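Per-entry structural report
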Amino acid sequence: METHLFRCLSDNYGVLVHDPDSGETASIDVPEEAAVRKALADTGWTLTHIFITHHHADHIGGLAALKGPDVTVIGPRKDEARIPGLDILVHEGDSVVFGGERVMVFETPGHTSGHVTYWMPESGLVFAGDTLFAMGCGRLFEGTPADMWASLSKIAALPPQTKVFCGHEYTLSNARFAVTADPTNAALKARLAEVEKKTAAGIPTVPTTVGEELATNPFVRANTPEVAAAMGMPGASPEKVLAEVRARKDSF
Ligand code: ZN
Ligand code: FE
């Protein structure tokens, strides 16, 4: 699989996934029509599939305009009523074939109740929407810290080299917060420095990898003694630690 990442709206990422053998091309979410069309023109790929992670406008804004008779739209069954135009409704444990490859579906509630994440095990790609960000996670609009912990844990259990594509470029702000939530983490300090350089140069910090997030993401690391200690909660459950990390990030 080939991927093409592009910036759109204020801080969203769009990504196209293309299988050269079958010629099939998927857009993971469709933040806005024009940006997706430009990405298709830039690559010369023809859209055949759209995978939707969740119902927020900055992820489905281009759906009505981009959906056509030759485009299959896959999205969360739980959000059927909130996302018009879904052709294939998916939930936990489902898989869809795209480009001859299996795409596995995880339900990853927390940011929204219906949020799903798509994993392509053969290519080692995961599309996490607004669940997992580089050194961050989505705000808890429709879920609990326990929901988010369970969702992040599903992604964190994938092979460490798995590339993680997420919905936004929030990395620098996430990293600046992360060093306060995990202050003794040397890998995190090094990553902050790297992200500062990349951001200053206008280079995307996405995709990240599962392994990098396990090493440096304070939400994924809510089960570590280091993050629990930094929250002043030694011995507390990961759900409780995550709740505190999220609350502090919300007012950072
Ligand atoms: Zn969202
Ligand atoms: Fe979003």
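Residues numbered from 1 in each chain as written. Chains lettered and ligands numbered in written order. Predicted model: local features only at pLDDT ≥ 70, side-chain atom pairs only at ≥ 80, totals over all residues. Heavy atoms only, no water.

Topic: the sheet that holds strand β1 (residues 2–8)
Taken together, six strands build an open sheet; the order of strands is β1-β2-β3-β4-β5-β6 and the sheet is mixed. The open sheet is flanked by β1 and β6 (88–90), the only strands paired with a single partner. The mean angle between the axes of side-by-side strands here comes to 20°, regardless of whether they run parallel or antiparallel. (Pairing = 2+ DSSP bridges. Helix = DSSP H or I, 4+ residues; strand = E, 2+ residues; numbered from the N terminus. Axes fitted to C-alpha atoms, helices over the stretch in contact; angles between N-to-C directions.)

Considering the pairing of β1
Working note: regular strand, side chains alternate between the two faces of the sheet. Alignment of β1 against strand β2 (residues 12–18), held across seven bridges, turns out to be antiparallel. Among the inter-strand pairings, F6 is bridged to a residue of β2, identified as G14. Hairpin geometry of β1 and β2 is characterised by an intervening segment of three residues between the two adjacent antiparallel strands and by a positive phi of about 50° at L9.

Section: the pattern of salt bridges
Under the counting rule described, the total for this entry stands at 15 salt bridges. Linked through salt bridges whose partners overlap, the residues forming this network are D79, R82 and E142. (Salt bridge = Lys/Arg side-chain N within 4 Å of Asp/Glu carboxyl O.)

Details of the side chain of N12
Mapped onto the fold, N12 is located in strand β2. A polar contact of 3.0 Å, which involves the side chain of N12, links it to the side chain of D58. Each residue touching N12, except ones within four places of it in the same chain, is listed here: F6, R7, P31, D58, H59, G167 and H168. (Polar contact = N/O pair within 3.5 Å; in protein donor to acceptor, adjacent residues only side chain to side chain. Contact = heavy atoms within 4.5 Å.)

A few points about the coordination of the iron ion (ligand 2)
The coordination sphere of the iron ion (ligand 2) contains the protein donors D58 (OD), H59 (NE2), D130 (OD) and H168 (NE2), at a distance range of 2.1 to 2.4 Å. Of note is the iron ion (ligand 2), whose four donor atoms meet at the metal with angles of 84 to 174° in an arrangement that counts as irregular. Linear spacing of the donor residues for the iron ion (ligand 2) on their chain is D-H-x70-D-x37-H. Under the relative-accessibility criterion, D130 is labelled buried at 3%. (Donors = N, O, S within 2.8 Å, 3.2 Å for Na, K, Ca; no water. Tetrahedral: all angles 85-135°; square planar, octahedral: opposite > 155°, others 65-115°. Buried < 20%, exposed > 50% of the residue type's maximum accessible area, 1.4 Å probe, protein only.)

A word on the layout of surface pockets
Quantified by volume, the largest pocket comes out at close to 230 Å³. Lining the largest pocket are 15 residues, with F133, C137, G138, R139 and Y170 positioned closest to its centre. Among the secondary structure elements, those contributing two or more residues to the lining of the largest pocket are α5 (171–181) and α9 (238–250). Within the lining of the largest pocket, the residues separate by chemical class into four nonpolar, six polar and five charged. (1 Å grid on protein atoms, 1.4 Å probe; cavity = no way out; pocket = protein on both sides within 12 Å on 5 of 7 lines; lining within 4 Å. Points joined across faces, edges and corners; volume = space filled by probe spheres on them. Nonpolar A, V, L, I, M, F, W, Y, C, P; charged D, E, K, R; others polar.)

Observations regarding α5
Residues three or four positions apart in an α-helix share a direction because the helix packs 3.6 residues into each turn. Every buried residue of α5 is listed here: T171, L172, N174, A175, F177, A178 and A181. In the core, the buried residues of α5 are packed alongside β11 (132–133), β12 (136–137), α6 (186–200), α7 (210–216), α8 (225–230) and α9.

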